[in-house]
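What the coordinates show
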Amino acid sequence: MKRVFVAGIAIAVLSGSAWAADIPQKLPVKAAPPSSVASIPAPTWTGCYFGGHLGSGWERDYFSNPTGFELAGGSPLFTPPSPLYALPTLPLDQPVSGFLGGVQAGCKYQFAGNWVTGIEDDFSTAHLFGFRELTLTPFVANPATLVPASLQTETDWLASTTANLGYSFGNMLLYAKGGMAWSHNKYDLYATPPVVSGVAAADFQASETRAGWTLGAGIEYRFWNNFSAQIEYNYYDFGTRSVQFKDQLSTSGSFGSVDVKQQIQAIKFGLNYYFWNAANSAASSTNASVAVSAAAAPPSMTWSQTFSSEVRYFSWHSNRGVPSNAVIFSSGSPAPLTTPGSGAELYIPYATQLVGQSNDFKIELLGRGGWVWARQSTAGLTGEVATATDAVMSGTITYLGLQGIQPFASLSLNLPTGLAALSPAAVNARMDPDLVDIASFGEGFNVGPTLGFNLPLTSSLILTASVGYTQRGTFDREAPLTPPGGGAAPTTTSINPGDVLTFTGSVGYKVGQFSGNLTGTISEETTTTANGMPFIRPGMRYLIAGSGSYIWPWEHVGQTTVSASASHSNRNEVLFQCLTGCPTSLVTEPFNTNSNLYRIAVEHLFAFDQLAFGPTGSFLYRDQNGYEPTTLQFVPAKERWSAGMLARYAANQNLTLNARIEHVWTQEDENPALPSNQQYSILAGSTVTAFTVPVVSSTGWQFVVGATATF
Amino acid sequence: MRHILYASMLTTACIFLLLDAAGAQVKCPEGKSMNGDCVNAGLAATMRQTAIIFSQPKISQTTFPILPAADHLYRYPNQLIPDPLKPAPAFTVSP
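What counts, and where the lines are drawn
- Residues numbered from 1 in each chain as written.
- Chains lettered and ligands numbered in written order.
- Predicted model: local features only at pLDDT ≥ 70, side-chain atom pairs only at ≥ 80, totals over all residues.
- Helix = DSSP H or I, 4+ residues; strand = E, 2+ residues; numbered from the N terminus.
- Buried ≥ 20, exposed ≤ 12 C-beta atoms within 10 Å, placed from the backbone.
- pLDDT = per-residue confidence, 0-100.
- Contact = placed C-beta atoms within 7 Å.
- Pairing = 2+ DSSP bridges.
- Axes fitted to C-alpha atoms, helices over the stretch in contact; angles between N-to-C directions.
- Expected span 1.5 Å × (residues − 1).

**Some remarks on the overall build of chain B**
Secondary structure assignment for chain B yields three helices and zero strands. N-terminal to C-terminal, the α/β element order of chain B is α-α-α.

**What to know about the overall build of chain A**
The secondary structure content of chain A amounts to two helices and 37 strands. Put simply, chain A has 711 residues, and 47% of those count as buried.

**Here we look at the confidence of the model for chain A**
All names here are of chain A. Scored by pLDDT, chain A comes out at a mean of 80, with 78% of its residues at no less than 70. At the level of individual helices and strands, chain A shows its lowest average pLDDT in helix α1 (residues 2–15), which scores 40, and its highest in strand β18 (residues 461–470), which scores 96. Segment residues 1–42: pLDDT under 50, and 108 contacts once partners within four positions in sequence are set aside and those in other chains are kept. pLDDT under 50 marks residues 681–685. Its contacts with residues more than four places away, or in other chains, come to 13 contacts.

**Concerning the sheet that holds strand β24 (residues 533–537) of chain A**
Residue and element names in this part refer to chain A. Taken together, the six strands give an open sheet; going across it, the order is β19-β20-β23-β24-β27-β28, and neighbouring strands pair in antiparallel fashion. Looking at the sheet topology across the chains shown, the edges are occupied by β19 (475–478) and β28 (586–588). When the angles between neighbouring strand axes are averaged without regard to direction, this sheet yields 35°. With three bridges connecting them, strand β27 (residues 573–575) and β28 associate as antiparallel partners. Opposite L575, over in β28, you have L586 as the bridge partner.

**Points about unusual backbone geometry**
Residues and elements named next belong to chain A. A positive phi angle is found at F69, which is not glycine, with a value near 55°. Tracing the backbone through its elements, the reader meets F69 in the loop between β1 (47–68) and β2 (92–111). For D609, which is not glycine, the phi torsion reads 55° and is therefore positive. Secondary-structure assignment places D609 in the loop between β29 (597–608) and β30 (611–622).

**Focus on the pairing of strand β33 (residues 638–652) of chain A**
Residue and element names in this part refer to chain A. Across twelve bridges, the pairing between β30 and β33 is antiparallel. If you follow R622 over to β33, its bridge partner there is K638. With 14 bridges joining them, β33 and strand β34 (residues 655–668) adopt antiparallel strand pairing. Looking across to β34, one finds that L646 is bridged to R660. Count of turn residues in the β33/β34 antiparallel hairpin: two residues.

**What about the sheet that holds strand β7 (residues 227–247) of chain A?**
Residue and element names in this part refer to chain A. Judged by pairing direction, the barrel is antiparallel, and its eight strands sit side by side in the order β1-β2-β3-β4-β5-β6-β7-β8 before closing back on the first. Averaged over all pairs of adjacent strands, the angle between their axes in this sheet comes to 15°, without regard to strand direction. Relative to strand β6 (residues 202–223), strand β5 (residues 172–191) runs antiparallel, the two sharing 20 bridges. Bridge assignment links L189 to a residue of β6, and that residue is F204.

**Remarks on helix α2 (residues 41–55) of chain B**
End to end, α2(B) covers 21 Å across 15 residues, agreeing with the expected 21 Å (1.5 Å per residue, within 8%). Extensive coverage of α2(B) is indicated by the burial of 15 of its 15 residues.

**Brief notes about the environment of A:F169**
Residues and elements named next belong to chain A. Turning to its location among the elements, F169 is positioned in strand β4 (residues 147–169). Take F169: there are 22 C-beta atoms within 10 Å of it, and that puts it in the buried class. Considered as a pair, F169 and W115 are 54 residues apart in the sequence and their alpha carbons are 9.6 Å apart.

**Brief notes about the environment of A:P340**
Residue and element names in this part refer to chain A. You can see P340 is positioned in the loop between β11 (333–336) and β12 (341–357). Distance from P340 to A379, taken between C-alpha atoms, is 7.6 Å for residues 39 residues apart in sequence. Excluding anything up to four places from it in sequence, P340 contacts S318 and N319.

**Details of the pairing of strand β8 (residues 255–277) of chain A**
Residues and elements named next belong to chain A. Taken together, the 20 bridges between β1 and β8 define a ladder with antiparallel strand orientation. Directly across from G57, in β8, lies its bridge partner A266. Examined bridge by bridge, β7 and β8 share 18 bridges and lie antiparallel to one another. Within β8, the residue paired with Y235 across the bridge is Q265.

**A word on the environment of A:T339**
Residue and element names in this part refer to chain A. With respect to the secondary-structure elements, T339 resides in the loop between β11 and β12. For T339 and L381, which are 42 residues apart along the polypeptide, the C-alpha to C-alpha distance reads 9.2 Å. In this structure T339 touches G321, T378, A379 and G380, once residues within four positions along its chain are discounted.

**So, the confidence of the model for chain B**
All names here are of chain B. Taken as a whole, chain B shows an average pLDDT of 68; of its residues, 53% reach a score of 70 or greater. Residue range residues 80–95 is modelled with pLDDT below 50. Its contacts to residues more than four positions away, or to other chains, number 64 contacts. As scored by the predictor, the complex reaches a pTM of 0.67 and an ipTM of 0.72.

Given below as structure tokens:
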């Protein structure tokens, strides 16, 4: 019986089920428990160091007040928007993002107990890159002559000299910093007038170094006496400067200038080596084990670190590509693209978690990023992209000092380190997320605070309530369609997504071999705008989800977990577009275009010492055809089945390996034609002929291997 | 609403600091239940994580702030349409 119990415990831990987390953590599927972590004496932070860092940055460059920029013949490139076409011109925001990496060096001094101050210099080589397509109307006398143009921005290095002030919690230092900063930037504005205009192309280029200021905050964690790891957020403001451009294609010399306002945000992960440290010096001279004053040590907090990553590969085939009702234009008339579809995706997420525990507080910090390569091979819908994804971060603090209630506060962030707007060559790499893992690689800067509490009625029966608000930032996304008739590809759309307010209530229970939970949420969202215009306000959303696990009382039989969820949304408020006499504000849609979503999943794991493996399967159902008007498509009712195997192996107390293989089947119902047999095209400004998409059947494979390590 | 929530968070943080100053002694890793027993630590941690994830359904289109090994626990309940952020600017004209 004891072996059965041990096996049950092992499988519960190995399963990674949320409901296995209360079992003594022999394996680090979740954060390591305090018992597995040695409490390291707190060091003094006084010392000097050098190190390196990697990170991501994103910026907004605001271009305004252009002068000059004349094409051959004297036509100014930037004119007020044409009253006929109202195409984009300056001013505009240029989103820029990418990677950076570099070195830093500095010194710190600990004083008055736990306070720490210091100075630091850092230099980062960067590839913060932004590219935007424009359509300009430089010929005032003939505004119908459109000039495609592109604006490219790159920041290739950043540097700063800062002072910092922090507070030490033993091995952990929380700090803020501020000081001077410098950036180097390159710009390229390329315009290609149509041949019929008789005007030559222009290539205006510029580069500059500018100075500004920076503020930041971070967390630094000491280990192995002389090393530290840190994560840091920096905000740079370089103000507005007039940037001088020169046309590289003009032999006579043509110049232009434009005001560029630059603000940069960056997240850096750093590693430092303390080549001189007061604690070590004191220890060596006095033979003391730790040179920390009593005042510098409190409050006592133990920390554990977890690193987790997976490699996921997805491959699919279908009788249609994605989107399933893509069109081709033959003699100006739309016709369905009927070629079979296929695609693949490689996604590598990685995350690190830091958990601190004291008598009164628990602090949980997590940072996560990823990299993805995706390619759709469907003839006529090919597209390929390789990019970092957005990064997410979260921090949660829980107060444990009250009997009967444990309040917590959490802050989650989405950092726009991925590609939000894809180029025309990459846009078809957005594939069905029921067949691949992710179909969106980036968006804006989102901030999500959450407040809540656990209310343990008994040690094994807990009620939880929370409220979260998600403030979502603006981002650019490629416009989805080529206009009917096969005209020029549309430029990007600036989307300001609505903020979300969500109330959540849960009950969780665990007794003996059984555990279960039930969670319900209600969400309300504000209006999303596109290019500053109200676009949609989604209806209120209701969701319920639950799961239950049972550890069977027989040797090696293991554990079964069943989970299920359902969601429903009320009708949206949308921008009604029609031919004549349309309302200009959002109106409630006449029928609900949101599909209800139901899902059930079953998983069973057999347990053999350090190995657990077993079958897994799921069924998902979208119950009705919903309309997805950015692509002018219906989202068909859909079934998704999956079946596979998963396995987890505990190599030792600090390392867990996992693998999963699944086969997926999806089937979409017929995409209905409208009663009028037509659809309204926003881009065409008129109705276009509709056609019926037949049942779309797809199959796919998913392979996952991963590892979780605790230090 | 956003300002109210931020103000609430600040207030909560202040309360935390005051409570810490009170020096309450807790020996249980996830605190105590109403009758004074130690709360099941794994259950409490999971309930808290679930509440945070479900309270931020649109914090990111890419992922929730969790370890990759836990993705399958939260992937689907919040996914309503294939691309939840693709907004609906209009719908078809009436016949």
